[in-house]
Each structure stands twice: as C-alpha cells, then as structure tokens.
Amino acid sequence: MNFFKVKFLKNGQAQGRSYTYKSSLELAPGDKVELPGGKHGVVMDEPVDMAWVESYGKENLKEIMKKVEVEA
C-alpha cells in the first residue's frame, strides 16, 4: 500500500490543503484521481508523514478509487 498527498480539484485546478490517501495504484505527482464520493483530485509532490499515518491508523485512511485518464 502506498500513501499520497492529494489536493481536491475545483474548476480543473488544485485547491486548498493536501490530504493523505492510500492506494495500491502506481501514481506520480500530477496524476488526476477519483476519490471516494465521486470527487476528483490531483496527486501532489509532497512527502507523507509516516509517523502521522501510523498514529492515525492506516485502516482509517480513505482509498483512491482510480486514476483518471486525461483526454488529449
């Protein structure tokens, strides 16, 4: 399981603070993803604080649903 920082997308632009999500997908910064509840976000190039993940609990983190393919 991998952990990523994700910002929500609003009008196609990353907005607000980053949130930590888990995923078994291979993702890179800039990848657009679908989040629980149908929201969309973008993977950020920010380090994940693993000490926080351990204290919060891996099982409590929401999981990225899928990578969104960007149309050319």
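For the structure, see preceding data.
Nothing here was measured: the structure is a model prediction, and the numbers come from that model.

## Some words on the nonpolar core
By size, the foremost hydrophobic cluster in this structure holds eight residues: F4, V6, Y21, L27, V33, L35, V43 and I64. Ignoring anything within four residues of it in the chain, the contact list for Y21 reads N2, F3, F4, V6, F8, L35, P36, K62, E63 and I64.

## Remarks on the pairing of strand β4 (residues 40-43)
Pairing of strand β1 (residues 2-10) with β4, which is carried by three bridges, proceeds in the antiparallel orientation. Bridged to F8 within β4 is G41. Taken together, the three bridges between strand β3 (residues 32-34) and β4 define a ladder with antiparallel strand orientation. Each bridged residue has a counterpart across the sheet, and for K32 the counterpart in β4 is V42. Remark: five residues form the turn of the hairpin made by β3 and β4, two consecutive strands paired antiparallel; G37 in that turn has positive phi of roughly 85°.

## Let's talk about the environment of M65
With respect to the helices and strands, M65 occurs in the loop between α1 (50-56) and β5 (66-67). Under the relative-accessibility criterion, M65 is labelled exposed at 54%. Distance from M65 to Q15, taken between C-alpha atoms, is 19 Å for residues 50 residues apart in sequence.

## A few points about the sheet that holds β1
Spatially, five strands are ordered β2-β1-β4-β3-β5 in an open sheet, and the strand pairing comes out antiparallel. Looking along the sheet, the strands with just one partner apiece sit at the ends: β2 (13-23) and β5.

## As for the side chain of D31
Tracing the backbone shows D31 in the loop between β2 and β3. A distance of 2.8 Å separates the side chain of D31 from the backbone nitrogen of A28, its partner in a polar contact. With near-sequence residues (within four places) excluded, D31 lies in contact with E26, G41, V42, V43 and K67.

Cut-offs used in this document
- Residues numbered from 1 in each chain as written.
- Predicted model: local features only at pLDDT ≥ 70, side-chain atom pairs only at ≥ 80, totals over all residues.
- Heavy atoms only, no water.
- Core = buried A, V, L, I, M, F, W, Y, C linked by side-chain atoms within 4.5 Å.
- Buried < 20%, exposed > 50% of the residue type's maximum accessible area, 1.4 Å probe, protein only.
- Contact = heavy atoms within 4.5 Å.
- Pairing = 2+ DSSP bridges.
- Helix = DSSP H or I, 4+ residues; strand = E, 2+ residues; numbered from the N terminus.
- Polar contact = N/O pair within 3.5 Å; in protein donor to acceptor, adjacent residues only side chain to side chain.

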